[in-house]
Every structure is written in structure tokens, then in C-alpha cells.
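What follows is the residue order along each chain.
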Amino acid sequence: MSGNTVLKTYLFADLESLEDLFQNAPVGFLLTDSAGVPVTYNRAFALLTNLPWPERLSALEFRLLAADGGGSVNVPAMVAAETPVTDLAVSVDGSARTLLVNASAQMDGGRLAGVRWVVRPDLRQAIPSVDDDPTEYLLPTAELIGENDALAWAARLSDSTDVRPTVRSFTTEEAVRRQRELDNFIMYAPAAVHLIDVRGTVLSANATDLAVAGFVDEPDQFIGGDIRRVYAEQAVLEDLLGRWDSDLPTLNFRARLVNRTGAVLPVVIFSNSRFVDGEFRNTRDVVFVDPDLDTPPTRTRRFHWPHD
């Protein structure tokens, strides 16, 4: 990044990586001020809420409704009142799509300064799964997309945005401001976020990811290590690792994580891949604690979970 190199952080190294993760994540990212006025959002959030893209904050207007028909939902007010916002089922006014919202407070001197939102579609299907054919990811038919909501979401996300022209256009002041904004958002996002290389090495992780994996006190023991060690079913994880450098997304995939203490935690994985000049660079992984603890892990065509 040469002249646009900005402050380095321990976990996420540079602005280009942060910008790519934010803009091209397979779930919606939104940062608002304390009143809920948007500061920045990504393409997935625009798709989920039918908002303008590229980002046009002046044109942004959306109203959240409780998915159960309970009326308007004020996420900033809930966060300000320290009400947990995890897997909150909502819809956007005028849309029947159900979304799941996680939110966390951005504090400044003891006061609410902003709200970090992570929003994902409430999908019924998953990819990969036992029901799919890997070739269908590349050129799925309209019929398949209509039958599989995970494939439909993958099709809507389609190609990633090359963030390099944007990053290189920043002045030094703009780059420093954006770095701080995105670093704070990703580091304290209300979902586990990490980047993985093609060998399965953890390149970076946020605070939630370190907490879920049990390495808050010793992040060096997690970052730089092999992601395989924190998943219960190695065969399924190898299947996922084999897909990452093929630009095939992993969406709404249920798995079992084993944290540092040996406790098993069900999680839901949303992941896609970053390519730079045609070369695989890393995954973009957003992992949620599974709200439905009794739902079994996703089975794939290649590997099957054992049943009692």
C-alpha cells in the first residue's frame, strides 16, 4: 500500500484487508451512530435491505419490523438499554424476507457513540450440503436457485468488489480515519470473524472469535495456528477447506466448534473467498453461535455425520 500504509493493528494488518473484509463479507455489516443513522454499510447489507449500492448514505432509509408482526424494532435503543441483540428476527418494511440481527455498542467515555450491526438472511438451506452438487454452484439454474435459498443468496452476492482503487484513492488522513473505523468495527463486531489461508492457518481474528475459541488471554496461541484444531469433525472441515480456493461459498453451514477448554459449541458458518489477481488470498469467515442448539450439524455429500 506504500503511501497509504496506516496504523498497524495486532490482529488485522492493513486497510486493504479490512476494506475487502468489510465490503465483501457474505453477511451484512452496518455501522450507525447512537441514533441509528448509518455511518457506513457493505454490499450484503444493501442487498438484504434493498438499499442503494454503491453506498449512498443520503438515500438511506429503512425501518425494521419484528418478524413476528410485533411492530417496529429500535436496535440502537435496545443496545443503549443493554438489552442483548443476538439473532433478533426482523424484516425490513416492505419486504417479507426474515433477517437475523446481532448488534453491539460502540462506547466513548461511558456513552453510546454508535452501534455495530451484523445482519444475515434467515436461510432454510445450506451450502455445501448433502443435497447439492458442487458443479451447481458455478452455474446454478433459475430452478435450483428458486429451490435453495442459500444458493439464491450466493447468486445475489456473486462477484466480489476490488477495493484497491478505493483504498489507493484515500488521502493519508482519510486512510487513517477509515482504518480506525473499520478496525474498531471488525474487532468488536457481534459475531466471530477470522481470515484463513489456503493451508488452514488463522491469519487474523476478532475479539469475539478469540472469546469463542477460548484464547482471549493468549491470542498468539490461536492466530497463526491451524483452524482444524477448533472443529470437532475434521472430515467435514477438510471438505470446507477444499472448497475455499475454488471460490465456492459456505453459507448457513452448521458445525461443532471445540474451544480451548474442550467444550463443544454449535456454530453457523458464513464464508466466502478473497482472490487477488486470480490468486486465492484468504477466506472471509463470519461465525455465529447457533441459536438453535438442537439442530444437527450440516451433512455434506462427501462426509456424513454419525447418527445415534
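Here the structure is a predicted model, which is why all the values come from computation and not from measurement.

Draft legend 1. Spotlight on the side chain of serine 17. Of note, serine 17 is situated in helix 1 (residues 15-24). Classification of serine 17 as buried rests on a relative accessible area of 12%.

Draft legend 2. Layout of the pairing of strand 9 (residues 250-258). Along strand 9, eight of the nine residues are buried, which leaves the element largely enclosed by surrounding structure. Once strand 9 ends, the chain turns through five residues before running back antiparallel as strand 10 (residues 264-276), passing glycine 262 with a positive phi of about 95°.

Draft legend 3. Quick peek at the sheet that holds strand 4 (residues 85-92). The strand order 2-1-6-5-4-3 describes an open sheet built from six strands, whose pairing is antiparallel. The sheet terminates laterally at strand 2 (38-41) and strand 3 (64-66), the two strands that pair on one side only. Recorded for the sheet is a direction-independent mean angle of 40° between the axes of neighbouring strands. Bridge count for strand 5 (residues 99-108) against strand 6 (residues 111-121) is 10 bridges, and the pairing is antiparallel. Across the sheet, residue leucine 100 finds its bridge partner in strand 6, namely arginine 120.

Draft legend 4. Highlighting the pattern of salt bridges. Under the definition given, this model contains 17 salt bridges. One salt bridge in this structure joins aspartate 226 and arginine 228, with 2.8 Å as the shortest N-O distance. Overall, aspartate 226 belongs to the partly exposed group, its relative accessible area being 31%. Aspartate 290 is paired through a salt bridge with arginine 254; the nearest N and O atoms lie 2.7 Å apart. Here the residue aspartate 290 occupies a position in the segment after strand 11 (279-289), and arginine 254 occupies one in strand 9, the gap between them amounting to 36 residues.

Draft legend 5. How the structure looks around helix 1. Within helix 1, 10 of the 10 residues are buried, leaving the element largely enclosed by the surrounding structure. For helix 1, every residue scored as buried is listed here: Leu15, Glu16, Ser17, Leu18, Glu19, Asp20, Leu21, Phe22, Gln23 and Asn24. Measuring from the backbone nitrogen of glutamate 16 back to the side-chain oxygen at the start of helix 1 gives 3.1 Å, which picks out aspartate 14 as the cap.

Draft legend 6. Inspection of the confidence of the model for the protein at higher detail. On average, residues of the protein score 86 in pLDDT, and 87% of them are at 70 or above. At the level of individual helices and strands, the protein shows its lowest average pLDDT in helix 4 (residues 142-147), which scores 66, and its highest in strand 6, which scores 97. Low pLDDT (under 50) marks residues 1-11, which in the prediction has 31 contacts with non-local residues, meaning those over four places away or in another chain. This stretch, residues 303-308, has a pLDDT under 50; its non-local contacts, to residues over four places away or in other chains, come to 11 contacts.

Calculation notes
Residues numbered from 1 in each chain as written. Predicted model: local features only at pLDDT ≥ 70, side-chain atom pairs only at ≥ 80, totals over all residues. Heavy atoms only, no water. Helix = DSSP H or I, 4+ residues; strand = E, 2+ residues; numbered from the N terminus. Buried < 20%, exposed > 50% of the residue type's maximum accessible area, 1.4 Å probe, protein only. Pairing = 2+ DSSP bridges. Axes fitted to C-alpha atoms, helices over the stretch in contact; angles between N-to-C directions. Salt bridge = Lys/Arg side-chain N within 4 Å of Asp/Glu carboxyl O. Polar contact = N/O pair within 3.5 Å; in protein donor to acceptor, adjacent residues only side chain to side chain. pLDDT = per-residue confidence, 0-100. Contact = heavy atoms within 4.5 Å.

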